[in-house]
Amino acid sequence: MGVLMFGISSAKAELKVGQTAPDFTAASSDGSQVHLKSILGKAPIVLYFYPKDDTPGCTKEACSLRDDFAAFRKLNATVFGVSYDTVESHKKFIEKYHLPFALLSDSDHAIAKLYGANSLLFAKRMTFVIDKAGAIAWINPSVNPSTHSQELQDVLAKLQ
């Protein structure tokens with residue numbers, strides 16, 4: 001009984017579509033600080049969590065988003081990748097693969113914890129689409145890097 005009670009009391013509620021997206025501030029690869037609350041209202045936001053810069057699955061996912069970035073611009077979406085990597089690591093990843101979107105450093109795992117994307121060594125590969133009003137419009141808890149970009153485009157088109 002004690003173990004069960006411990007499990008219940010320590011469990012964090014899972015985010016659901018329709019809930020307000022948790023606010024955060026993070027260091028961006030472009031040298032700025034991104035504060036979610038200050039950018040809401042301008043465009044839908046794609047917040048994609050990924051395990052590690054310059055690894056096979058993460059590179060495939062990022063390059064797929066890069067290759068389709070004109071479609072994301074047409075859909076007026078802002079894209080942010082989030083991992084535990086440092087800003088310096090993000091800069092190298094962006095330069096190497098010519099990524100046209102910012103990557104946010106979550107080195108203290110705070111953002112991943114807010115969104116339920118945290119694990120011990122790496123962020124979980126999952127994505128949130130946040131609408132202009134700041135509500136979570138879509139969640140994918142188990143992203144497939146091969147189909148992620150098209151899936152996001154379909155979701156964003158429905159928000160138009």
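From a predicted model like this one, the values you see are computed outputs, not experimental measurements. (Residues numbered from 1 in each chain as written. Predicted model: local features only at pLDDT ≥ 70, side-chain atom pairs only at ≥ 80, totals over all residues. Heavy atoms only, no water.)

Peer 1: Just to check I follow, could you spell out unusual backbone geometry for this structure?
Peer 2: One non-glycine residue, Asp54, lies in positive phi territory at about 60°. Position of Asp54 among the secondary structure elements: in the loop between β3 (45–49) and α3 (56–67). Looking at Asp54, the relative accessible area reads 37%, which means it is partly exposed. Phi angles above zero are rare outside glycine, and His98 is one such case at about 55°. Tracing the backbone through its elements, the reader meets His98 in the loop between α5 (87–97) and β5 (102–105). Among the residues examined, His98 registers a relative accessible area of 61% and is labelled exposed. (Helix = DSSP H or I, 4+ residues; strand = E, 2+ residues; numbered from the N terminus. Buried < 20%, exposed > 50% of the residue type's maximum accessible area, 1.4 Å probe, protein only.)

Peer 1: Explain the sheet that holds strand β2 (residues 33–35) here, please?
Peer 2: Across the sheet, 7 strands lie side by side as β2-β1-β5-β4-β3-β6-β7; this open sheet has mixed pairing. Across the chains shown, the open sheet's two edge strands, defined by having one partner strand only, are β2 and β7 (136–140). For this sheet, the mean inter-axis angle between neighbouring strands, taken without regard to orientation, is 30°. (Pairing = 2+ DSSP bridges. Axes fitted to C-alpha atoms, helices over the stretch in contact; angles between N-to-C directions.)

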